[in-house]
Amino acid sequence: MDVHSHASASPARIEHLDLDLQVDMTERRLLGTASYRIRPHGADTIILDTDALEIAKVTVNGKEVPVLLGAPSILGRALHIPIDSNSNTIAVTYRTTEGARALQWLSPQQTADRTHPFLFTQGQAILTRTWMPVQDSPGIRITYDATVRVPKELMAVMSASNPQVRSADGVYTFQMEQPIPAYLIALAVGDIEFRPLGERCGVYAERSVVDKAAWEFADTERMLQAAEALYGPYRWGRYDVIVLPPSFPFGGMENPRLTFATPTIIAGDRSLTALIAHELAHSWSGNLVTNATWNDFWLNEGFTVYFENRISEALYGPDHAGMLQILGRQDLQGSLEHMHATGHAEDTHLRLHLDGRDPDDGMTDIAYEKGFAFLKLLESKVGRERFDAFLRGYFDRFAFQSMTTDKFLAYLDEELLKPTNTKVDIAAWVDGPGLPADAPVPVSDKFDQVDREIARWQGGTPAAKLATQGWNTFQWMHFLRHLPKDLTTAQLNDLDAAFKFTSSGNAEVLAAWLEQCIRNDHDAAYSALDRFLSTVGRRKFLVPLYKELIATEKGRVMARTIYASARSNYHAVAVRTLDEMLDWSATKPEATF
Ligand code: BES
Ligand code: ZN
């Protein structure tokens, strides 16, 4: 039972989707028909999830039936379709509305090339139902075909077999032959081009971005090979990446065959491509073996952080992987402190309790980094060889199935803990708060070096005299995160003159620097801050920057002013978080003045 989907209330299931869509870039609407092959399983009703859709017509085996929509809630509205044991196809003709939170429609000005509009979808966690009627539960899988009609100067791509060149008439057809959950159905439409990266990999992006992207992601094919060497064959055919405009609310999204990625990982030096390793790793953890409900989200993300780290280690060595682990642990410690301080200790359990809440609330460092720490502990207890064999067997055994926390724990006990006579306090890890004391502690002498230079700087050595030659992005991130809390304008100027943070083209470095600047009211960085917040829509960067801003009276005014004009550039999922943080409905200009 999935508390975030109406569909699981009846046993009838969709099996295959045939989607026929027209994309109206001017009216900002999708119009079309979703037809499903179904299995009635003895039920007299099949239930689909919908949210903010306008439904024109429903048919069963070609015959029209009444449109029966349930009451709206945070889950949207259930669509009840009467069926019997002979029903094998249902079809829903519909159009999307302004309430389609999965869709972000961008004007030409919001794209890199500034010439054509752009559209992308974001399904996870429960947003696919805002752009098609579907059984929107991660425990229900379907294959799909789609025909998508777009203006002929644009190209459409999906989480499916994809075109590499523009069609003459703007019509594109797609197939996803492996069964996937609805949250992985995805579409992007824009003036994009394709560049191959190797035999099985390539990248899509707007013209002014695509060559930079191809250079940045040159290691993708090697990542894929490393992943296969670890945990078995890649089962999806091709692996491509599309670089979206900067308002994409996430770093990346693991849509099968086609990862969606933020342009903020294009740093010009390949330093932020662990994100590609992460989304690629989801081709096993998440897309192949899928969390059965959003309470089991750590099975997707914790495993993926572990797998991502192993790919990074295979390609770039243990030092590199170790630094990533430490940065992740720092994030986790910060989140844990915050969650405990604000009375949300329950949310620090690996197994979540999201009933009645938006599953997006579960997207915290817990699933990612506490999940990672748990797997790292298991690895350290049984040894890497044994652990790798276990994981490989797990992905194979449960391929194309969904997984609950309990089912995983039973399998873990049977296949790994019992045979090796290993004791772990599972209850503390899975259903207890905080980070258990036996969590392995990542270490790196690369960061010790950074700590020493920070100490020298605090002792009076000017920034330009510090031994920072050859530092990589992770070392700079560690440096920026560990500066003393209070800094004078002279100190900030000293750092910026030596290291040029304000003009950094590396979004991680720039964001970490801007946080320090806000904390210390460093005016000199405010135009860069304004520019960053007005163009980048990646929630992971926005949240800490706005949070730091609203900590002071002056900053609060600035935050409101910037948000008032930037809000329309942000995706609905980022807007939801920021509206709440900034108490926006109460402080909207209309309401205030
Ligand atoms: N699947 C997630 C993104 C997501 C999670 C979207 C939950 C909606 C709801 C994706 O794989 C992810 O984890 N992205 C991270 C990057 C990663 C390197 C940690 C992100 O976007 O920051
Ligand atoms: Zn992920």
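Above this text you will find the structure in question.
What you see is a predicted model, and the numbers here were worked out from it, not measured in a lab. Counting from 1, residues in each chain are numbered in the order their sequence is written. Chain labels run from A onward and ligand labels from 1 onward, assigned in the order the entries are written. Side-chain atom pairs in this predicted model are given and counted only at pLDDT of 80 or more, local residue features only at pLDDT of at least 70, and totals for whole chains, interfaces and linings cover all residues. Neither water nor hydrogens contribute to the side-chain values; these are computed over all heavy atoms in the structure.

**Q** Would you mind going over the pattern of salt bridges with me for this structure?
**A** One side chain can pair with another of opposite charge once the charged atoms of both are near each other. Salt bridges, as used here, are contacts in which a Lys or Arg side-chain nitrogen is within 4 Å of a carboxyl oxygen on Asp or Glu. Counted by the stated rule, this structure contains 40 salt bridges. With a shortest N-O distance of 3.0 Å, Arg37 and Glu15 are connected by a salt bridge. Residue Arg37 is found in strand S2 (residues 29–39), and its partner Glu15 is found in strand S1 (residues 13–24); the two are separated by 22 residues along the sequence. Relative accessible area decides the class of each residue, using a 1.4 Å probe on protein chains only: under 20% of the type maximum gives buried, over 50% gives exposed, and in between gives partly exposed. A relative accessible area of 40% means that Arg37 is categorised as partly exposed. Each member of the salt-bridge network shares a partner with another, and the members are Asp347, Arg357, Asp358, Asp360, Asp361, Arg539 and Arg576. For helices the rule is a DSSP run of H or I covering at least 4 residues; for strands it is a run of E covering at least 2, with both sets numbered from the N terminus onward.

**Q** What am I meant to see in unusual backbone geometry here?
**A** With the exception of glycine, most residues fall at negative phi, and the peptide bonds are largely trans. Of note, the amide linkage connecting Gln124 to Ala125 takes the cis form, showing an omega dihedral of 0 degrees. Residue position: Ala125 is located in the loop between strand S10 (118–121) and strand S11 (141–149). With a phi angle near 65 degrees, Arg270 is a residue other than glycine that sits in the positive phi range. Structurally, Arg270 can be placed in the loop between strand S19 (258–261) and helix H3 (274–281). Residue Arg270 is classed as partly exposed on the basis of its relative accessible area of 30%. The backbone of Phe400 sits at a positive phi, close to 60 degrees, despite the residue not being glycine. Relative to the assigned elements, Phe400 resides in the loop between helix H7 (384–397) and strand S21 (401–403). Classification of Phe400 by relative accessible area gives partly exposed; the value is 22%.

**Q** Please clarify how the coordination of the zinc ion (ligand 2) should be interpreted in this entry.
**A** Coordination angles at a metal have ideal targets, namely 109.5 degrees for four tetrahedral donors and 90 or 180 degrees for six octahedral donors. Any N, O or S atom lying within 2.8 Å of the metal counts as a donor, and for Na, K and Ca the limit rises to 3.2 Å; water is left out, so some sites can look incomplete. In the first shell of the zinc ion (ligand 2), the protein supplies His278 (NE2), His282 (NE2), Glu301 (OE) and Glu301 (OE), at 2.0 to 2.8 Å from the metal. Bound by six donor atoms, the zinc ion (ligand 2) shows angles of 52 to 159 degrees at the metal and therefore irregular coordination geometry. Donor residues binding the zinc ion (ligand 2) come from one chain and are separated in sequence as H-x3-H-x18-E. Among the residues examined, His278 registers a relative accessible area of 8% and is labelled buried. Just to be clear on the cut-offs, tetrahedral is four donors with all angles between 85 and 135 degrees, square planar is four donors and octahedral six with opposite donors over 155 degrees apart and all others between 65 and 115, and anything else goes down as irregular.

**Q** I'm lost on the packing of aromatic side chains in this one. Help?
**A** What counts as a ring pair is set by centres within 6.5 Å for rings of Phe, Tyr and Trp (its six-membered ring), and what kind of pair is set by the plane angle: stacked under 30 degrees, edge-to-face over 60, tilted for all other angles. All chains considered together, the criterion is met by 43 aromatic pairs. On the basis of an interplanar angle of 75 degrees and a centroid distance of 5.5 Å, the ring pair of Tyr394 and Phe408 is categorised as edge-to-face. Separated by 14 residues along the polypeptide, Tyr394 in helix H7 and Phe408 in helix H8 (residues 405–420) bring together distant segments of the chain. Residues Tyr394 and Phe408 agree in their burial class; the two are buried. Ring centres of Phe499 and Phe501 lie 5.6 Å apart, and the angle between their planes is 50 degrees; this geometry places the pair in the tilted category. On the basis of relative accessible area, Phe499 is assigned to the buried category, the value being 16%. The exposure class assigned to Phe501 is buried, which follows from its relative accessible area of 2%.

**Q** How should I be thinking about helix H10 (residues 445–458) in this particular structure?
**A** Helical geometry: 3.6 residues make up each α-helical turn, so side chains three or four residues apart lie on a common side. For a helix, the expected span equals 1.5 Å multiplied by the number of residues minus one. Between the first and last C-alpha of H10 there are 20 Å, a value that for 14 residues agrees with the 20 Å anticipated at 1.5 Å per step. Close packing links the buried residues of H10 with helix H5 (318–341), helix H11 (473–481) and helix H12 (489–499). The N-terminus of H10 is capped by Ser444, whose side-chain oxygen sits 3.1 Å from the backbone nitrogen of Lys446. Gly460 lies just past H10 and shows a positive phi near 115 degrees. We call two residues contacting when some pair of their heavy atoms lies within 4.5 Å. Counting of polar contacts relies on pairs of N or O atoms within 3.5 Å, with two restrictions inside protein: one atom must be capable of donating a hydrogen and the other of accepting it, and residues adjacent in sequence are counted only when both atoms are side-chain atoms.

**Q** What's the story with the sheet that holds strand S7 (residues 77–82) in this structure? I'm lost.
**A** Strands pair, by our definition, only if DSSP identifies at least two bridges between them. The three strands lie next to each other as S3-S7-S6, forming an open sheet whose pairing is antiparallel. What marks the edges here is a single partner per strand, and that holds for strand S3 (45–50) and strand S6 (68–69). The sheet contact formed by S3 and S7 spans six bridges and is antiparallel. Looking at the pairing, Leu48 lines up with Leu79 of S7.

**Q** How should I be thinking about the sheet that holds strand S16 (residues 201–206) in this particular structure?
**A** If you trace the five strands from one edge of the open sheet to the other, you get S15-S16-S17-S19-S18, paired in mixed fashion. Looking at the sheet topology across the chains shown, the edges are occupied by strand S15 (192–196) and strand S18 (252–253). Of the pairings in the sheet, the one linking strand S17 (residues 239–243) to S19 comprises four bridges and is parallel in character. Within S19, the position partnered with Asp240 by the bridge is Leu258.

Remember that the coordinates give geometry; whether it matters functionally is a separate question.
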